[in-house]
Amino acid sequence: MDFIASTRLAFFAGGLLIYLVGLAVYRLYLSPLAKFPGPKLAALTLWFEFYYDVVQRGRYTWKIAEMHKRYGEMSLGKARHISSDINPCYRTNRAH
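None of these values were measured; they are calculated from a predicted model. (Residues numbered from 1 in each chain as written. Predicted model: local features only at pLDDT ≥ 70, side-chain atom pairs only at ≥ 80, totals over all residues. Heavy atoms only, no water.)

*Asks:* For this particular structure, what's the right way to read the packing of aromatic side chains?
*Replies:* Given two aromatic rings, their pairing is described by the distance between the two centres and the angle made by the two planes. What the rule picks out here adds up to four aromatic pairs. The interplanar angle of 85° and the centroid separation of 5.0 Å between the aromatic rings of Trp47 and Phe50 together place this pair among those described as edge-to-face. Of this pair, Trp47 and Phe50 both sit in helix α3 (residues 47–55), separated by three residues, roughly a single helical turn. A residue is classified by how much of its surface remains accessible, and Trp47, at 58% relative accessible area, is exposed. Here the aromatic residues Phe48, Tyr51, Tyr52 and Tyr60 are joined through ring pairs into a cluster of three or more. Arg59 extends its terminal NZ or CZ atom over the ring of Trp62, reaching a point 4.7 Å from the ring centre. (Phe/Tyr/Trp six-rings, centres within 6.5 Å; stacked < 30°, edge-to-face > 60°. Helix = DSSP H or I, 4+ residues; strand = E, 2+ residues; numbered from the N terminus. Buried < 20%, exposed > 50% of the residue type's maximum accessible area, 1.4 Å probe, protein only. Lys NZ or Arg CZ within 6 Å of the ring centre and 35° of its normal.)

Structural data, given as structure tokens:
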């Protein structure tokens, strides 16, 4: 490999690394969703859901229930997604 090709590869790898670190910092600390409780790995990537759905064969639903017991009724289920334990169909009608 010549010098120019190796320099381009180094710049590309460095740029990719800077992008990924910046994205991780944004998702963990600067995002509006960062204030919600939940596993940090779930906040970083969608691989968290993939692991429980594919590797653990559909256990993500039960993992969400565990997270609600641990973190409360509103928790960070995966990157860019808030999971709510509140039933959206439940409404009280107090019109008298």
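The structure having been displayed, the exposition proceeds.
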